[in-house]
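As a plain string of letters, each chain reads:
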Amino acid sequence: MTKRTAHGTGARITDTAGALAAKADLKGRTQARAADLKDKAGALTVQLRQGASRAGHQAQDRAARGGHTAQEQMVKARHTLQERALRTGQAVQERAGHAGHLASEKAVEAGHAAQGRMPHSVRTAARGAQRHTGPVLIAGAALALAGAVAMRALRRGRRH
């Protein structure tokens, strides 16, 4: 064997021995593999947290937009109801005014018809009462008070 051949064979044996030694170092390979997996798991954890954070922010933004939309719709609905209530109130007021005028006209007509059937002396007294309503109201109140006092006296007389 020549020196060259021996040297080549020795180098091959050294390489093979090194490869076998590396394969035989199971603990070292396992630790390296565990470190790689730990790094990958850490990177995945960071990615998952970022994704969850983005999803949470998106959900929060959607909820805020939905809340604003609902609030705007409620404001529009309130304005619509207020406008309808205003229009309805105006219509009722107009109808009540019209009904009041009709009732007033009918009362005047009834008063004229009643005056036509009254004796002349009563008609004259009614016209006077129309012209001087204050004294007539005072006299009417006085008569009502006198009637109430008389009724009370009659009731007391029956009890005793």
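Because the structure is a prediction, the values reported are computed rather than measured. (Residues numbered from 1 in each chain as written. Predicted model: local features only at pLDDT ≥ 70, side-chain atom pairs only at ≥ 80, totals over all residues. Heavy atoms only, no water.)

A few words on the overall build of the chain. When helices and strands are counted, the chain shows 4 helices and 0 strands. Overall, the chain shows an N-to-C arrangement of helices and strands of α-α-α-α. For the chain, buried positions account for 1% of its 160 residues. For the chain, the accessible surface area stands at approximately 14,200 Å², while carbon and sulfur atoms represent 61% of it. (Helix = DSSP H or I, 4+ residues; strand = E, 2+ residues; numbered from the N terminus. Buried < 20%, exposed > 50% of the residue type's maximum accessible area, 1.4 Å probe, protein only. Areas by Shrake-Rupley, 256 points an atom, 1.4 Å probe, with all protein chains shown as cover.)

For any part of a model where pLDDT is low, the fine detail of the predicted coordinates should not be relied upon. With 82% of its residues at a pLDDT of 70 or more, the chain has an overall mean of 82. Across the chain, the secondary-structure element scoring lowest on mean pLDDT is helix α1 (residues 3–24), at 62, and the one scoring highest is helix α2 (residues 26–117), at 90. (pLDDT = per-residue confidence, 0-100.)

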